[in-house]
Each structure stands twice: as structure tokens, then as C-alpha cells.
Amino acid sequence: MNIEWTSDLAIGVTEIDDQHKEIFRRFDRLLAACNEGKGNEEVLKLLLFLEDYVKEHFAAEEELQKRSDYPDYPAHKSQHVAFMADVAKLTRSFRDEGATLPLVIKTNRTLADWLIQHIKKVDTAFARYLREQ
């Protein structure tokens, strides 16, 4: 599986685009570690990063949406809340069970789905809105 940052994902706000790029880089590290048989070691690093980083990222993105009167803000925010809950659940699983293969696979799938569904679709819709303003 190869998920890369491409310029068509840019929303045109450097801070947000840089944060998205960092999420892609971290996910790439997990995929590389999995390919080397070291996914168990990398999954906790990714989960801990996500727990902190997405809070900061989501706050910045949501503030921009509120300032620009983005009409889909409530739905967008609810997706952020759901993703944070998913990350918290994965982290609890790690703490309860350790870095099991099913957890590594679920972490990969959760983040891949997020990158594909949210950033590539929902955030780019917000980018279109910003460009039209």
C-alpha cells in the first residue's frame, strides 16, 4: 500500500498543508516498518504522535473553517471527533494487549482510510470552498 502526499491535496494554507504532509510522513514510516517486520515497534510511536498532533491540527483546521464560515463545519468537526476516538481506542488496545499483529493491521487500515476518505475528499472539498471565497 502506498499513500503519498500530492499537490492536489493542498488546501492552500501552509500550516494545514504542512500538518497533512507530516501525517503522511508518519504513516509512511509505519508502512516501511511493517515491510521490514518492525511494525510492532512503530505502531505506538504513531499512535502517541496522533493523539497529540491531530488535536493541534484539528484545532487549526476548525478555526480556519469557523473564520471562513464554512457551511460543512459541523459535519467536518464530527469526523475529527470520531477519528480522535478511533485513535484513543487503538491506543487503549495497545496498552491493554501490546503491539499485536491485528492492532498493527487495524492501525494501518484506520489511518489509510482516514487519509483517503478525509484528507483526499473532505479536506479537499474545504480547499475548494476556500478558493471560491
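Just so it is clear, the model here is predicted, and its values are computed rather than measured. Think of each chain on its own: its residues are numbered from 1, step by step along the sequence as written. Under the rules for a predicted model, residues below a pLDDT of 70 receive no local features and side-chain atom pairs below 80 are neither given nor counted, while totals for whole chains, interfaces and linings still include all residues. Water and hydrogen atoms were dropped before computing side-chain values, which therefore reflect all heavy atoms in the structure.

Asks: What should I look at first to understand the side chain of Glu42 in this one?
Replies: Along the chain, Glu42 turns up in helix H2 (residues 39-67). Any two residues whose heavy atoms approach within 4.5 Å at even a single point are treated as in contact. Look past the residues within four positions of Glu42 in its chain and what remains in contact with it is Arg29, Leu30 and Ala33. For the purposes of this entry, the term helix denotes a DSSP run of H or I that reaches at least four residues, the term strand denotes a run of E that reaches at least two, and both are numbered from the N terminus.

Asks: What is the right way to look at the packing of H2 against helix H3 (residues 73-97) in this model?
Replies: Axes are the key here: two packed helices are described by the angle between their axes and the distance separating the axes. The angle between two axes is taken between their N-to-C directions and runs from 0 to 180 degrees, where each axis is a line fitted to C-alpha atoms and a helix contributes only its stretch in contact. Taken N-terminus to C-terminus, the directions of H2 and H3 make an angle of 160°; their axes are 10 Å apart at the nearest point. By the angle class used here, H2 and H3 are roughly antiparallel. Judged by the twist between their axes, the crossing of H2 over H3 is left-handed. For this classification, Asp, Glu, Lys and Arg are treated as charged, while Ala, Val, Leu, Ile, Met, Phe, Trp, Tyr, Cys and Pro are nonpolar and the rest, including Gly, are polar. Of the residues contributing to the contact of H2 with H3, the split by class is 14 nonpolar, five polar and seven charged. If an angle is under 35 degrees, it is roughly parallel; if it is over 145, roughly antiparallel; if it lies from 65 to 115, roughly perpendicular; otherwise it is oblique. By convention the crossing between two helices is left-handed if the near helix lies anticlockwise of the far one by an angle smaller than a right angle, and right-handed if it lies clockwise.

Asks: What is the right way to look at the packing of aromatic side chains in this model?
Replies: Any aromatic ring pair is given by two values, namely how distant the centres are and how the planes are angled relative to each other. Stacked, edge-to-face and tilted are the three classes for Phe, Tyr and Trp ring pairs, Trp counted by its six-membered ring, which pair at centre distances within 6.5 Å; planes under 30 degrees apart are stacked, over 60 edge-to-face, the rest tilted. In the structure shown here, the tally under the stated rule is seven aromatic pairs. On the numbers, 6.2 Å between centres and 70° between planes, the contact of Phe58 with Phe83 is edge-to-face. Highlighted residues: Phe58 in helix H2 and Phe83 in helix H3, separated in sequence by 25 residues. Residue Phe58 shares its accessibility class with Phe83, and that shared class is buried. Members of the aromatic cluster, each reached through a chain of ring pairs, are Phe58, Phe83 and Trp114. Over the face of the ring belonging to Phe49 we find Arg26, whose NZ or CZ atom lies 4.0 Å from the ring centre. With a 1.4 Å probe rolled over the protein chains alone, any residue whose accessible area is under 20% of its type maximum counts as buried; one over 50% counts as exposed, and the rest are partly exposed. Definition used: whenever NZ (Lys) or CZ (Arg) falls within 6 Å of the ring centre and also within 35 degrees of the ring normal, the charge is taken to sit over that ring.

Asks: Please explain the side chain of His76 as it appears in this structure.
Replies: Relative to the assigned elements, His76 resides in helix H3. Residue His76 is classed as buried on the basis of its relative accessible area of 2%. Here a polar contact is taken to be a pair of N or O atoms separated by no more than 3.5 Å, where protein atoms must pair a possible hydrogen donor with a possible acceptor and residues adjacent in sequence count only if both atoms sit in side chains. At 3.2 Å, the side chain of His76 forms a polar contact with the side chain of His118. Leave out the neighbours within four places in its chain, and His76 touches Glu61, Gln65, Tyr70, His118, Val122, Asp123 and Phe126.

Asks: Just to check I follow, could you spell out helix H1 (residues 14-35) for this structure?
Replies: A turn of α-helix holds 3.6 residues, and therefore any two residues three or four places apart point the same way. What a helix is expected to span follows from its residue count: subtract one and scale by 1.5 Å. Counted at 1.5 Å a residue, the expected span for H1 with its 22 residues is 32 Å, and the 31 Å between its end C-alpha atoms agrees. Looking at H1, one finds that the buried residues are Ile16, Asp17, Gln19, His20, Glu22, Ile23, Phe24, Phe27, Leu30, Leu31 and Ala33. Buried positions along H1 lie against H2 and helix H4 (101-132). Backbone geometry just after H1 places Gly37 at a positive phi near 75°.

Asks: How do you make sense of the environment of Leu31 when you look at a structure like this?
Replies: Inspection of the secondary structure puts Leu31 in helix H1. Given a relative accessible area of 10%, Leu31 falls into the buried group. Between the alpha carbons of Leu31 and Glu42 there is a distance of 9.0 Å; along the sequence they are 11 residues apart.

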